[in-house]
Amino acid sequence: DVKVTQSSRYLVKRTGEKVFLECVQDMDHENMFWYRQDPGLGLRLIYFSYDVKMKEKGDIPEGYSVSREKKERFSLILESASTNQTSMYLCASSLTGIHTEAFFGQGTRLTVV
Amino acid sequence: SQQGEEDPQALSIQEGENATMNCSYKTSINNLQWYRQNSGRGLVHLILIRSNEREKHSGRLRVTLDTSKKSSSLLITASRAADTASYFCATDSDINNDMRFGAGTRLTVKP
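Remember, predicted model here, so these are calculated numbers, not experimental data. (Residues numbered from 1 in each chain as written. Chains lettered and ligands numbered in written order. Predicted model: local features only at pLDDT ≥ 70, side-chain atom pairs only at ≥ 80, totals over all residues. Heavy atoms only, no water.)

Chemist: Could you give an account of the layout of surface pockets, naming the residues involved and the relevant values?
Modeler: Over the atoms a probe the size of a water molecule is rolled, and this reveals where empty space is left. Its volume calculated, the largest pocket comes out at about 430 Å³. Gln37, Pro39 and Gly40 of chain A together with Gln37 and Ser86 of chain B are the residues nearest the centre of the largest pocket, which is lined by 20 residues in total. Counting only elements with at least two residues in the lining of the largest pocket, the list comes to strand S4 (31–38) and strand S9 (87–94) of chain A together with strand S9 (85–93) and strand S11 (105–110) of chain B. In terms of residue class, the lining of the largest pocket is built from four nonpolar, 13 polar and three charged. (1 Å grid on protein atoms, 1.4 Å probe; cavity = no way out; pocket = protein on both sides within 12 Å on 5 of 7 lines; lining within 4 Å. Points joined across faces, edges and corners; volume = space filled by probe spheres on them. Helix = DSSP H or I, 4+ residues; strand = E, 2+ residues; numbered from the N terminus. Nonpolar A, V, L, I, M, F, W, Y, C, P; charged D, E, K, R; others polar.)

So this is what it looks like as C-alpha cells:
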C-alpha cells in the first residue's frame, strides 16, 4: 500500500515562528502536493512539485515556501506563522501520467496562536 | 482558483436512499476524480473518469462526465450510515500535473 506520512497530526505554534511541515511518501511518486483545507472553502492548492528540486505555485502560495531535496520528501515552510494560517494542511502524492490517482496523508491541524 | 465546484454543499438522506452529488469545472481536463473524506482525516480516492469516458461504475458508485457542460455527477446507490462523509471532485488540467479540488459536499446518511 502507498503510504503518505505527515510528521505531525496536531501542531500549535506562536505567531512569527518559522514552521516546518514534513511529508514523506514511500512509493517513488514524482508528484507531491500541499493543500490547506478550511471550512466552506474545500482544498486549496498551495504548492506542488513534479520532480526533485522542482516546484510550482498553486493558488495560495503567499506566506509559504516549499523544499524538495529528495524525491520522497516534500516540506512546507511557513516563514513567519500568522493566525490566518491556522488550518488543516494536507499532503498528497501521485505518479506522473495523465490518469493517476493521488494518495493523501492524514493531515496536520496547525493552530497559530 | 478552484477548479471544481460541488453542489449541493450538504445533503441529508435516509439509509437505503440514493445520493447524487454534482461537480462543475472551468477548464479542459484530462480526468475527473472523486474523493471521500471522513471527518478530520485525509482524502481517499474513490473513482477516476477520463475525459473521453461518459460513465463509470464501481460497486455502488456511478460517475458520469459531460465535457460539453463541464460537469460530473456521483451517484451512491443504496446508501449506508457508513457513507456519511464529505465528497470532493478533483480535476487535473491538460497543461500540467496540478490537481485542484472543489469545496465538497457533506453527505449525512441517517440510520
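Chemist: Can you explain the sheet that holds strand S7 (residues 61–66) of chain B? Please cite residues and give values.
Modeler: Residues and elements named next belong to chain B. As summarised here, the arrangement of the five strands in space is S1-S3-S8-S7-S6, forming an open sheet in which the pairing is antiparallel. Edge strands, defined here as strands with exactly one partner in the open sheet, are strand S1 (5–7) and strand S6 (55–58). Neighbouring strand axes in the sheet, compared pairwise and without regard to direction, differ in orientation by 20 degrees on average. Two elements, S1 and strand S3 (residues 19–24), share three bridges in a ladder whose sense is antiparallel. When the sheet's bridge partners are listed, Glu5 is paired in S3 with Ser24. (Pairing = 2+ DSSP bridges. Axes fitted to C-alpha atoms, helices over the stretch in contact; angles between N-to-C directions.)

Chemist: Break down the state of the cysteines for me, citing the residues and quoting the values.
Modeler: The final tally for this structure, using the stated rule, is two disulfides over all chains. Each sulfur in the disulfide pair Cys23 of chain A and Cys91 of chain A lies 1.9 Å from the other. One quick way to see it: the torsion about the S-S bond of Cys23 of chain A and Cys91 of chain A is about -80 degrees, and its sign makes the bridge left-handed. In this pair, Cys23 of chain A sits in strand S3 (residues 19–25) while Cys91 of chain A sits in strand S9, placing the two residues 68 residues apart along the sequence. Residue class for Cys91 of chain A comes out buried when judged on its relative accessible area of 0%. Each sulfur of the disulfide joining Cys23 of chain B and Cys89 of chain B lies 2.0 Å from the other. Its S-S torsion of about 65 degrees marks the bond between Cys23 of chain B and Cys89 of chain B as right-handed, since a negative value means left-handed. Here Cys23 of chain B, found in strand S3, pairs with Cys89 of chain B, found in strand S9; they are 66 residues apart in sequence, far enough to count as distant. Here the two residues Cys23 of chain B and Cys89 of chain B agree in accessibility, since each one is buried. (Disulfide = S-S within 2.5 Å. Buried < 20%, exposed > 50% of the residue type's maximum accessible area, 1.4 Å probe, protein only.)

Don't take any of this as a statement about function, it's just geometry.
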